[in-house]
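Structure at a glance
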Amino acid sequence: MKVFEKDQKVKVHLKVNGQNYEVETEPRRLLVHVLRELGFTGVHIGCDTSNCGACTVIMDGKSVKSCTVLAVEADGSEILTIEGLAKDGKLHPIQEAFWEKHGLQCGYCTPGMIMEAYWLLKENPNPTEEEIREGISGNLCRCTGYQNIVEAVKLASQKLRMEIPKAH
Ligand code: FES
Ligand code: FES
């Protein structure tokens, strides 16, 4: 087991959205703060008790609440944040679907919600409404009442399964 001195900083290596970063951080520092300090300010903080999911990112293929991971625990991990979803300025189909179905208002929950939807649709490409609601139950939204988010995830699942031809 590693033993850290008080105030000792440790080097942490992270790969975020395909780019490598090395940061020096105290062992107590939360991943969410480190990601935001690296410039990934789409990762939001909505609570201090791990229930809102506004801080959700994909870490080594799993959705995690980055407010409940220490940056040192994430050493060597690959992380995907909302900033890494669009490619060459083209929105990811989940982002498009949230726009088309009005799945956001203030937008504060949206990055976490979209990352959770990303993980959900990888796990289950054709979810039922109930499975979608269950799948995003770790992500709170105070604006939308969830209905349009559910519609957006349904549309995203169709888009990802290529059932809907791409609009030009
Ligand atoms: S900030 Fe609320 S769960 Fe992470
Ligand atoms: S859009 Fe405002 S919290 Fe979800």
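Residues numbered from 1 in each chain as written. Chains lettered and ligands numbered in written order. Predicted model: local features only at pLDDT ≥ 70, side-chain atom pairs only at ≥ 80, totals over all residues. Heavy atoms only, no water.

Looking at an unreviewed UniProt entry, one finds the protein named Aerobic carbon monoxide dehydrogenase (Quinone), small chain, with Saccharolobus shibatae as its source organism.

**Overview of the side chain of Ser157**
Relative to the elements of secondary structure, Ser157 occurs in helix α5 (residues 147-160). When near neighbours in sequence (up to four residues on either side) are disregarded, Ser157 contacts Leu121, Pro125, Asn126 and Pro127. (Helix = DSSP H or I, 4+ residues; strand = E, 2+ residues; numbered from the N terminus. Contact = heavy atoms within 4.5 Å.)

**Quick notes on the pairing of strand β2 (residues 19-25)**
Of the pairings in the sheet, the one linking strand β1 (residues 10-16) to β2 comprises seven bridges and is antiparallel in character. When the sheet's bridge partners are listed, Leu14 is paired in β2 with Tyr21. As consecutive antiparallel partners, β1 and β2 are separated by two residues, and within that stretch Asn17 has a phi angle of approximately 50 degrees, a positive value. (Pairing = 2+ DSSP bridges.)

**Examining unusual backbone geometry**
Of note in this structure, Ser50 is not a glycine but carries a positive phi near 70 degrees. Residue placement: Ser50 occurs in the loop between α1 (31-37) and β3 (56-59).

**Details of helix α2 (residues 93-100)**
Listed in full, the buried residues belonging to α2 are Ile94, Gln95, Ala97 and Phe98. Down the axis of α2, the sector holding all buried residues measures 160 degrees, keeping them to one side. Those residues of α2 hidden inside the fold are in contact with α3 (110-123) and α5. Just downstream of α2, His102 is the residue with a positive phi angle, here 55 degrees. (Buried < 20%, exposed > 50% of the residue type's maximum accessible area, 1.4 Å probe, protein only. Arc of directions from axis to C-beta.)

**Regarding the layout of surface pockets**
Space inside the second largest pocket adds up to approximately 160 Å³. Lining the second largest pocket we find Gly46, Cys52, Ala54, Cys106, Tyr108, Cys109, Leu140, Cys141, Arg142 and Cys143. Among the residues making up the lining of the second largest pocket, the classes are represented as eight nonpolar, one polar and one charged. (1 Å grid on protein atoms, 1.4 Å probe; cavity = no way out; pocket = protein on both sides within 12 Å on 5 of 7 lines; lining within 4 Å. Points joined across faces, edges and corners; volume = space filled by probe spheres on them. Nonpolar A, V, L, I, M, F, W, Y, C, P; charged D, E, K, R; others polar.)

**Overview of the packing of α2 against α5**
Across the interface, α2 lies against α5 with an axial gap of 8 Å and an inter-helix angle of 140 degrees. For the element pair α2 / α5, the angle class is oblique. For the pair α2 and α5, the crossing hand works out as right-handed. Where α2 abuts α5, its residues Pro93, Ile94, Glu96, Ala97, Phe98 and Glu100 lie against Ile149, Ala152, Val153, Leu155, Ala156, Lys159 and Leu160. Class assignment of the residues belonging to the contact of α2 with α5 gives a composition of ten nonpolar, no polar and three charged. (Axes fitted to C-alpha atoms, helices over the stretch in contact; angles between N-to-C directions. Parallel < 35°, antiparallel > 145°, perpendicular 65-115°, else oblique. Left-handed = near helix turned anticlockwise from the far one by under 90°.)

**Section: the packing of α3 against α5**
Two measures define how a pair of helices packs: the angle their axes make with one another and the distance between the axes. Two elements in contact, α3 and α5, have axes separated by 11 Å at closest approach and are oriented at 45 degrees. Here α3 lies oblique to α5, going by the angle between them. α5 is crossed by α3, and the crossing has right-handed handedness. Between α3 and α5, the residues in contact are Met113, Ala117, Leu120 and Leu121 and Ile149, Val153, Ala156, Ser157 and Leu160, respectively. Split by residue class, the contact of α3 with α5 holds eight nonpolar, one polar and no charged.

**Examining the environment of Glu131**
Examined against the element boundaries, Glu131 turns out to sit in helix α4 (residues 129-135). A sequence separation of eleven residues divides Glu131 from Leu120, and the C-alpha atoms of the two residues are 9.0 Å apart. Residue contacts for Glu131: discarding those within four places in its chain leaves Leu120, Asn124 and Asn126.

**Examining the environment of Gly39**
In this fold, Gly39 is placed in the loop between α1 and β3. For Gly39, a relative accessible area of 45% gives the class partly exposed. Sequence separation between Gly39 and Lys101 is 62 residues, and the spatial gap between their C-alpha atoms is 28 Å.

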